[in-house]
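Reading the structure
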Protein chains: 4
Amino acid sequence: MVRAAVMTGPDQPLELVRFANPQLEPGGMVLETIYSEVCGTDVHLWRGRLSGVPYPIIPGHVTVGRVEQVAGTVSDVSGEPIKTGDVVTFLDVHETCGRCYYCQVARTSTRCPHRRVYGITYSASEGLLGGWSQKVYLKPGVHVLRLPPALSPERFIGGGCGLPTAFHAVERAGVRLGESVVIQGSGPVGLAAVMLARLSGALQVIVVGGPRLRLDMALRLEAELALDIGDLSPAQRVQAVLDATGGRGADVTIEATGVPAALSEGMAMTRDGGRYVVAGQYTDAGEVSFNPHRLLNQKHLSLLGCWGTDLSHLYRGMALLSKFGSRFPLELTISHRYGLSGTGQALLDVEKQRVIKAVIDPSLP
Amino acid sequence: MVRAAVMTGPDQPLELVRFANPQLEPGGMVLETIYSEVCGTDVHLWRGRLSGVPYPIIPGHVTVGRVEQVAGTVSDVSGEPIKTGDVVTFLDVHETCGRCYYCQVARTSTRCPHRRVYGITYSASEGLLGGWSQKVYLKPGVHVLRLPPALSPERFIGGGCGLPTAFHAVERAGVRLGESVVIQGSGPVGLAAVMLARLSGALQVIVVGGPRLRLDMALRLEAELALDIGDLSPAQRVQAVLDATGGRGADVTIEATGVPAALSEGMAMTRDGGRYVVAGQYTDAGEVSFNPHRLLNQKHLSLLGCWGTDLSHLYRGMALLSKFGSRFPLELTISHRYGLSGTGQALLDVEKQRVIKAVIDPSLP
Amino acid sequence: MVRAAVMTGPDQPLELVRFANPQLEPGGMVLETIYSEVCGTDVHLWRGRLSGVPYPIIPGHVTVGRVEQVAGTVSDVSGEPIKTGDVVTFLDVHETCGRCYYCQVARTSTRCPHRRVYGITYSASEGLLGGWSQKVYLKPGVHVLRLPPALSPERFIGGGCGLPTAFHAVERAGVRLGESVVIQGSGPVGLAAVMLARLSGALQVIVVGGPRLRLDMALRLEAELALDIGDLSPAQRVQAVLDATGGRGADVTIEATGVPAALSEGMAMTRDGGRYVVAGQYTDAGEVSFNPHRLLNQKHLSLLGCWGTDLSHLYRGMALLSKFGSRFPLELTISHRYGLSGTGQALLDVEKQRVIKAVIDPSLP
Amino acid sequence: MVRAAVMTGPDQPLELVRFANPQLEPGGMVLETIYSEVCGTDVHLWRGRLSGVPYPIIPGHVTVGRVEQVAGTVSDVSGEPIKTGDVVTFLDVHETCGRCYYCQVARTSTRCPHRRVYGITYSASEGLLGGWSQKVYLKPGVHVLRLPPALSPERFIGGGCGLPTAFHAVERAGVRLGESVVIQGSGPVGLAAVMLARLSGALQVIVVGGPRLRLDMALRLEAELALDIGDLSPAQRVQAVLDATGGRGADVTIEATGVPAALSEGMAMTRDGGRYVVAGQYTDAGEVSFNPHRLLNQKHLSLLGCWGTDLSHLYRGMALLSKFGSRFPLELTISHRYGLSGTGQALLDVEKQRVIKAVIDPSLP
C-alpha cells in the first residue's frame, strides 16, 4: 500500500489515504518520492482559485524520486534508458498532444488544450498522479530526466517549480549581456529568476519584494539591490529603480508576484523600448488599470505574458543548477520540511509567507 | 513672401501669416508645397492634447512638394543628389541625435529625447517648419526622399502619415504569411494597416471600425470583413472575430483607435500566443482596466507598444505604394481638399469624422 | 488488390506490383490516391543519391486522395474529425518523436532522428506507404489535412512538395515587406518560392534559372525578372542582380538548385547584412569553394541552411494556395501526367527537365 | 610637439615622427595616451593585407587615455559632459553617416560605406588619428566613453579590440542560458569570447586554439576545455567536441581564427540547427571548400558573418568588464609592453604569437 495526502476540495483539510500499488502500463514507471514541493499554486488549489480542478487530487507537481520500477525501456531526452534506482524528476505537464493548432501551427505548446498536469489536473481517482505521496506513477510518455551526479535532490527541489517557470520568463524576456533586470517578487519564482538573470549576464539585478528573509536570500543569490515592499510605497519603488538605472528604468522587468497592481508599477520601472514579462498572474486576482498612452505606446514597451513550461525549461534549468549550484545553493531556500501528515500545516505556512520554500518529505513522520 | 497657416494655441482659430522667404544654411532646401496632410494628430494639437507644443506652430508633418532651392549638394538615402524641381517628401522627425543611450545602446531611436518633429514640436518662430504653408524649409540633415515616377503626389499624400505609422506597426507585429490579422480602427492608420497586412501575406484581414464610409474603403483595400462599431457591442465584436478565426482569435491584432477601452477588447480578439500591437494611443485619453491573468498571462500574449517612425518605414512604405498603388489607390481616401484659408474647417471636419482623409493644397484659394 | 509502382533499387526499372488491401490499426486510414507528385527527390531516389533508403520502396511523398476508410475517430489540426469521402492530403513526415533533444530542447523537429518519410524511408515491405499507388495507408498519428473547398486536387498537387519546402525557406529567410528577393532555381521549389516571396510583400522577385518554359512560369507567378542560366554566365547573373538592386544585391536570396556552385554565386547576389537561405542541397552533390572574408564575414551575411518541413508549412501553404490560387494557379505547372505504368518515363522526363511538373494519376492507364 | 609611431607602408620599418599639437575644432578633444593596443589587425596593416589603407598611418585603434583638452561641451552616451582629466576610451569607428541605405533602411550600420576607423583608414597626414602616439586627436562626433572607477586602464586595454569584437559575435550568436559554446581561436578575440560566452550563461565553453600560453589563459577565464591545435588534427578536434557535447556538437560555435579552413571544421563542430558565427575572417586569406549538403543544408545550420562593432558593443563590453573584472582580470593577458620606439618589435612579437597581448605605453622609453 502507498500513503498519499489528498486534497478533497477547496478549504477542506487534507486527508491521508492509502492507495494500492500502481499497475504499470508498458512504458510506465513507479517513482519512490524523495521530495515534493509545496508551491504557491498548491495554496491556490486549496483555496479553490483555479477552475476545472477535479477534486479530490493528490497535490505536488514538482517532485524528485528514485525509480522503483520501469515497464519496458523508457529513455530520457538524450536517448539514455532510465533504470531502476536512478534519481529522477519529470515534467509535470503531460499529454501535450503534438497535433493541435497550438502544438503544430502556432508552436505555442504550453497552450495546448489537451495538456494535463501532475498534482493539479489529475484526479486522485485516476491514480498516484501527484507528488505528495510515497510513490508516484509516471504514465507512459511522461518526460523523465535523471539528476546529474552533481545535483542533489535537496538542491533540485530547492529550485523546484520556480526554476523552469523562471527559465521560461527569462528566455521570453531575452535577457542579454549587460542589461539591467528588475524582478518583482521574491518567492521561489522570483528567486530563481534572480539566479537566471545573473547567469544570463545581467549587469544589475534588482529585486522588489519581501519579507526580509526572502530579500536576504535574493542578495545571497547575487542580486545587487533588494527593495522591501514593506518599507517603500509603489512610487518610491519606481523611483528607486529609476535612480539605480540612470533615470531610464530597467532594460527588462520580470513580474512574479500574482498581484495585478504590480503591472502598472512594473511598466513604470521598465525603460522605453524595454521588455516586461508577466509570469506571476497564475490565478485570477482581478483587474489592473493603467494608462496605455504613457506606459505602453509612448514607451514602445513589450509586455509579454508567459504561461507554463516545457521540457526545455526544466532540462536547461536543471543543467544550470547542476553546473552552478555551488554559487547558487538553492537548497538554502528550503526553510521548512513536512511529512505527509503535515501537508495542511505546510499550506498554511506557505500562505502566510512564514517560509521561503517548503518541501514534503514522505519519509518524515 | 510665403503664406502659411499658423496654429496660435489650443482651441484658437488658425491664422494666415506671411513669412519672409527662408534663408538657406548649407545643406538646407526649400520645398514648394504640393500637398500637406491633415492628420488626427493635428486635431490633438488644436485641442491641446499634446504636452510641450511650442505654440504658435505651423502644422503639417507629412508633406509632398517640389524642390525650389538646394544649398549645396544633398543626397537621398541611395546617395543620389536631390535637384531643383524634384518632387520629394521628407521624414518629419529630425534631430534624432545618434549619440544617446536610446540611439546607440538600446537601438530604439524613435525614443531619442532629442528628436524634433516638423509641424508638431517646432515653433513658427523657428521658421517654415510645417507643411501648411506655401513653402517649407528643410533644415540641413532632414531625410529627403524623391517620389518614384509611378507614385503621384495625390497617392502619396493619400497614404500620408498613416503609411509609415502602419508600416512600423505591421513590422513590429511581424505579420507572417498565412496569418489572420485584426485591425482596430479604420482611420488613415487603420486603412494603411489593412493594405500592409494584406501585402504581408495575411490570409484574412478583419477591420473593426466605422463609420460606414471608412469601412467601405477598408473593403476596397482588400479587407475580408469589416465590423461596424456602430452596429455591434464590444462583446459582439469579439465574438465575430472568434467566429471568423476558428474560435481562437487572430494571430495578430493592431490597435489604431486612440481609445483606451480598445485594449481589453483587442486582447480578447487575439489568439493565445498571438501578438497585439498598440499603435493608436498617441495622446493621453485615460486609463484602461483589464484582467492580466485571463488576457495576458494565461493567453501567453505579446502586447507591443509602438511609437513613432523612422526613415525605413517611410522608405519601404513609399516603395510599396509606388509598386502596388494600382491595387491600393490610396488617393481614393482623399475625400476633402482645403486651401490655406480652410485649415480651420479641415480640422473640424476631421474631428467630426466627416472625411476619410483631408489634405491641404496651398494652391487652392 | 491494390496496384502500386515499386522502385526496387537504384537505376532499376520500376515494377507494377499488386498488394493486399491494408489492414487498419486503430487510428489508421486508407486513402484512394487522386494524384501523387513526381519530385526531383524521386529522381535522386532512383539514381541512388540518398543514403539509407530501404529499397524496394513505393515512391510518392506528396499525395492527395479521397478517404476510403477510417478506423475510429481521427481529427485534423483544427480538431475536426476526418470522414470517409473527404479529399485530404497528409504530411509525408511521420514518427517525429516529440521526445528527443532535437524535438524538445533544440526545438528543431525537422532534425529529429526518428522521423520517417512516406515514399522515401519506408520500405514497400512495410505496406502501402507511398503515393504511387492506387491506395495509401495512413498509419495512426499521420497528420491529415482536408483540402478546403476552394482548392482543387489539381491545384494542390501543382504546388506539391515545393509548396511546404518553399514555405519553410521563405519563413527561415524572414522575407519582409518591401524587400528584394532572388530565387535561384526555377523548379517546383523555386516557383513556389516566387509565389510565396510575392505574397510576403517583396517589392521585387528575381528568378535565376531555366529552361525558358520554367522562367515563363516564374513570370506568370509574378516575378519581375527571370535570368536564364543558359544565356548568362555566373558573373553576368550576379551583375544583373546588382544592377536590379541599386548595386547592393538582394535583401534575401533563396537557393533551390541542388548545385553546390550556386552558393558562392548566391552569396555574391545578396546585399551586405542580407539573408541567404540554402534549401536546395538535398543530396550530396559535392563541395563548393568560397572566400569567407569577402562573401561572409565582410558582408555580415546570414547563410541559413533549411532542412525538411513540418505541419505548419503544409498547413499555411495550403491555406494560402486556397485563398490566392486564382492569382497563382499552380495547376498550370503540371505539364505532364502519367499512370502507374508510366512512372519510369515520368522519372526520365523530370530528370531531363522536359517537364515543369509531372504527376502520377493512378486512374490513367 | 607630439611623438607618434608611423607606419609608412607595407613591410616598412615604423618611424618615430614629431607632430605639432592638434588644433581643436569645436567639439574636438585631445587625449593623452595611456595605452594603445597592438592588435592582429596591426600586423595585417603592416603586411599590407588590407586594401585601401592610406599609408602613412599612425596605427592603434583601441586606446585609453586622459582628456587633456575639450573644445566646448561634449557629452558621452549618458549625456554626461566629458571633462579634462577624465580617463576615457573612444569608438575607433567614426563618420558612420546615419543617412545611407545601410544606416537607415537595412539597419546594418557596421556596413556603412562612409565609416572611417582610427588607426586604420585615416592617414597620418590627416592628424593624430591613431593611438600609437603620445596624444590622439578626437574629432567632433567621435563617441567617447569614460572608464568606470572600477575599471583600470590596464584591465580595459587587456580587453582591447577583442572585447567589443567578441561582444558583437556573442550577440549575433544569441548565446542563451545553458548552451554549449565552442570558440575557435585563442587570441584576444577568442579569449574575450570565452569570458562573454561564460557570462551569457553557457553551460560549457570549449576553446580550440594555441599555443599553450593562450589556452591556459582561456582556462583561467573559465573555459571548461581547451583543445590544442598543436596536438590534435582537425578530425580529432571535431571528435573531441562531439564527445564533449553528447555526440551532437555545440549549440553555438564562434570562429576567431582568421584561417579559412577553420570554417568547415567549425560547421562540423556545431549541432544540427545550431548557430555558427564567423568573426575572424578580417582579411582575405583565401578560399575554403565545404560540402553544403552535409554541413549546411542537412544540418539546418545558421552561418553568420559578423563585421565590425558599434558603440553598444564597446559600452556593454566595458560595463561588464568593470563589473566582473575581478573574475575575469583581462590585464593578465598583457604579456608584453612597448614604448613608441618598440612598435616594430611589438608587431613581430604579435605576428610570431610570442605574446598573448601586447600594448603600447608611450611613457616607456
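In what follows, the structure referred to is the one given above.
To keep things clear, this report deals only with the structure shown in the data block. As the structure is a computational prediction, the values presented were derived from the model and not from experiment.

A word on the relation of the copies chain C and chain D
When chain C is brought onto chain D, the operation consists of a screw motion whose angular component is 180° and whose axial shift is 0.0 Å, with 0.0 Å RMSD remaining. The superposition of one copy onto the other is thereby described by a two-fold rotation axis. For chain C, the residue whose C-alpha comes nearest the rotation axis is S289 of chain C, separated from it by 2.0 Å. In this assembly, 100% of the residues forming the interface of chain C have copies in chain D that are likewise at the interface, indicating an isologous arrangement.

Section: the pairing of strand β10 (residues 180–184) of chain B
On a regular strand, each side chain points to the face opposite its neighbour's, so the side chains alternate between the two faces of the sheet. Residue and element names in this part refer to chain B. Of all five residues making up β10, five are buried, and the element is well covered by its neighbours. Both faces of β10 are covered, namely the face carrying S180, V182 and Q184 and the face carrying V181 and I183. Bridging between β10 and strand β11 (residues 204–209) involves five bridges; their strand directions are parallel. Bridge pairing in β11 links V182 to I206. Viewed along the sheet, the connection from β10 through helix α5 (residues 188–199) into β11 turns out right-handed. As judged from the four bridges shared by β10 and strand β13 (residues 250–255), these two strands associate in the parallel manner. By the bridge assignment for β13, V181 is matched with V252.

Digging into the sheet that holds strand β10 (residues 180–184) of chain D
Pairing within the open sheet is mixed, and its twelve strands lie in the order β12(C)-β11(C)-β10(C)-β13(C)-β14(C)-β16(C)-β16(D)-β14(D)-β13(D)-β10(D)-β11(D)-β12(D). Two strands lie at the open edges of the sheet, namely β12 (225–228) of chain C together with β12 (225–228) of chain D, each paired on one side alone. Recorded for the sheet is a direction-independent mean angle of 15° between the axes of neighbouring strands. Here strand β11 (residues 204–209) of chain D pairs with β12 of chain D via four bridges, running parallel. Its bridge partner lying in β12 of chain D, G209 of chain D is registered against D228 of chain D. The sheet strands contacting helix α8 (residues 262–269) of chain C are β10 (180–184), β11 (204–209), β13 (250–255), β14 (270–278) and β16 (302–305) of chain C, and the helix crosses β14 of chain C at an angle near 145°.

Notes on the side chain of D228 of chain A
All names here are of chain A. Following the sequence through the fold, D228 ends up in strand β12 (residues 225–228). Of the buried charged residues, D228 lacks a salt bridge, with R212 as the closest side chain of opposite charge at 4.1 Å. The residues contacting D228, other than those within four sequence positions of it, are G209, G210, R212 and L215.

Looking at the interface of chain A and chain B
The interface of chain A with chain B comprises 43 residues on the first partner and 43 residues on the second. With both sides pooled, the region where chain A packs onto chain B buries about 3,800 Å², and carbon together with sulfur makes up 51% of that total. The largest per-residue losses of area from chain A upon contact with chain B belong to H293, N297 and H300 of chain A, which jointly make up 17% of the total buried on that side. The partner of R294 of chain A in a salt bridge is D284 of chain B, and the shortest N-O contact between them spans 3.9 Å. Counting only elements with at least two residues in the side of chain A that touches chain B, the list comes to α2 (101–105), α4 (162–173), β14 (270–278), β15 (288–290), α9 (292–297) and β16 (302–305) of chain A. When residues in the side of chain A that touches chain B are grouped by element, the largest group, five residues, is from α9 of chain A. Considering only residue class, the side of chain A that touches chain B consists of 17 nonpolar, 16 polar and ten charged.

A short note on the packing of aromatic side chains
Applying the stated criterion across every chain yields a total of 22 aromatic pairs over all chains. An angle of 85° between the planes, with centres 5.9 Å apart, marks the rings of Y101 of chain A and Y102 of chain A as edge-to-face. When its relative accessible area of 10% is taken as the criterion, Y102 of chain A is described as buried. Ring pairs connect the aromatic residues F90, Y118 and Y122 of chain A, which therefore count as one cluster. Between R248 of chain B and the ring centre of Y101 of chain A, over which it is positioned, the NZ or CZ distance is 3.4 Å.

Describing the interface of chain C and chain D
With 43 residues of chain C in contact, the opposing surface of chain D contributes 43 residues. Run the count over chain C and chain D and you get four salt bridges. At the junction of chain C and chain D, the tally comes to 31 residue pairs in polar contact (both at pLDDT 80 or more). Mapped by element, the contributors of at least two residues to the side of chain C that touches chain D are α2 (101–105), α4 (162–173), β14, β15 (288–290), α9 (292–297) and β16 of chain C.

Overview of the sheet that holds strand β10 (residues 180–184) of chain A
If you trace the twelve strands from one edge of the open sheet to the other, you get β12(A)-β11(A)-β10(A)-β13(A)-β14(A)-β16(A)-β16(B)-β14(B)-β13(B)-β10(B)-β11(B)-β12(B), paired in mixed fashion. Two strands close off the open sheet at either side, each with one partner strand: β12 of chain A together with β12 (225–228) of chain B. Each strand axis lies, on average, 15° off the axis of its neighbour in the sheet, ignoring direction. Strands β10, β11 (204–209), β13 (250–255), β14 and β16 of chain A of the sheet are contacted by helix α8 (residues 262–269) of chain A, whose axis makes an angle of about 145° with β14 of chain A.

Details of the environment of A319 of chain A
Residues and elements named next belong to chain A. Considering the arrangement of structural elements, one finds A319 in helix α10 (residues 311–324). Exposure remark for A319: the relative accessible area of 17% places this residue in the buried category. Once the C-alpha coordinates of A319 and Y338 are considered, the two residues, 19 residues apart in sequence, prove to be 27 Å apart.

Here we look at α5 of chain B
Every α-helical turn comprises 3.6 residues, leaving residues that sit three or four positions apart pointing alike. The end-to-end C-alpha separation of α5 of chain B is 17 Å, in line with the 16 Å expected for twelve residues at 1.5 Å each. Listing the buried residues of α5 of chain B in full gives G190, L191, A192, A193, V194, M195, L196, A197, R198 and L199 of chain B.

Digging into the packing of helix α4 (residues 162–173) of chain D against helix α10 (residues 311–324) of chain D
All names here are of chain D. Where α4 meets α10, the closest approach of the two axes is 8 Å, and the angle between their N-to-C directions is 105°. The orientation of α4 with respect to α10, classified from their angle, is roughly perpendicular. Counting all contacts with α4, which are made through L163, P164, F167, H168 and E171, the residues of α10 involved are H313, L314, R316, G317, M318, L320 and L321. Along the lines of polarity and charge, the residues of the contact of α4 with α10 split into seven nonpolar, three polar and two charged.

Criteria and thresholds
- Residues numbered from 1 in each chain as written.
- Chains lettered and ligands numbered in written order.
- Predicted model: local features only at pLDDT ≥ 70, side-chain atom pairs only at ≥ 80, totals over all residues.
- Heavy atoms only, no water.
- Least-squares fit on C-alpha atoms with pLDDT ≥ 70 in both.
- Contact = heavy atoms within 4.5 Å.
- Buried < 20%, exposed > 50% of the residue type's maximum accessible area, 1.4 Å probe, protein only.
- Helix = DSSP H or I, 4+ residues; strand = E, 2+ residues; numbered from the N terminus.
- Pairing = 2+ DSSP bridges.
- Right-handed = clockwise from strand over helix to strand, strands pointing away.
- Axes fitted to C-alpha atoms, helices over the stretch in contact; angles between N-to-C directions.
- Lys, Arg positive; Asp, Glu negative; His and termini not counted.
- Salt bridge = Lys/Arg side-chain N within 4 Å of Asp/Glu carboxyl O.
- Buried area = accessible area lost by both parts, 1.4 Å probe.
- Nonpolar A, V, L, I, M, F, W, Y, C, P; charged D, E, K, R; others polar.
- Phe/Tyr/Trp six-rings, centres within 6.5 Å; stacked < 30°, edge-to-face > 60°.
- Lys NZ or Arg CZ within 6 Å of the ring centre and 35° of its normal.
- Polar contact = N/O pair within 3.5 Å; in protein donor to acceptor, adjacent residues only side chain to side chain.
- Expected span 1.5 Å × (residues − 1).
- Parallel < 35°, antiparallel > 145°, perpendicular 65-115°, else oblique.

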